[in-house]
Amino acid sequence: MYGWIWRHLPGNTLVRSLISLVLIVGAVYLLFTFVFPWAEPLLPFNDVTVEG
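Let me sum up the structure you'll find in this document. Being a predicted model, the structure only gives us computed values, none of them experimental.

1. Thoughts on the overall build of the chain
Regarding its fold elements, the chain presents two helices and zero strands. Relative to the globule expectation of 10 Å for 52 residues, the C-alpha radius of gyration of the chain, 19 Å, shows a markedly less compact shape. By residue count, 6% of the 52 residues in the chain fall in the buried class. Approximately 5,000 Å² of the chain is accessible, and the part contributed by carbon and sulfur atoms is 73%.

2. Quick notes on helix 2 (residues 13-39)
Its 27 residues give helix 2 an end-to-end C-alpha distance of 36 Å, which sits within 8% of 39 Å, the value for a rise of 1.5 Å per residue. In helix 2, a bend of some 40 degrees at leucine 31 exceeds every other bend along the element.

3. Examining the environment of threonine 13
Note that threonine 13 resides in helix 2. Among the residues examined, threonine 13 registers a relative accessible area of 55% and is labelled exposed. As for threonine 13 and phenylalanine 45, which are separated by 32 residues in sequence, their C-alpha atoms are 42 Å apart.

4. Section: the environment of glycine 3
Examined against the element boundaries, glycine 3 turns out to sit in helix 1 (residues 2-8). Each C-alpha atom of the pair glycine 3 and tryptophan 38 lies 31 Å from the other, and the pair is 35 residues apart in sequence.

Calculation rules
- Residues numbered from 1 in each chain as written.
- Predicted model: local features only at pLDDT ≥ 70, side-chain atom pairs only at ≥ 80, totals over all residues.
- Heavy atoms only, no water.
- Helix = DSSP H or I, 4+ residues; strand = E, 2+ residues; numbered from the N terminus.
- Rg over C-alpha atoms; globule rule 2.2 N^0.38 Å.
- Buried < 20%, exposed > 50% of the residue type's maximum accessible area, 1.4 Å probe, protein only.
- Areas by Shrake-Rupley, 256 points an atom, 1.4 Å probe, with all protein chains shown as cover.
- Expected span 1.5 Å × (residues − 1).
- Bend = angle between axes of the 7 residues up to and from the residue.

The following block contains the structure:
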């Protein structure tokens, strides 16, 4: 999959690297801004079963 993406990016190696970096930063931004806040209430991390 990554090879397919790399072959379809325009430009030489430097341009491809910069485009790849922008794509990675954009994906991380979208995950932290939209996906993780949406999924956080659905995850059981705050369900503590230890009793005092």
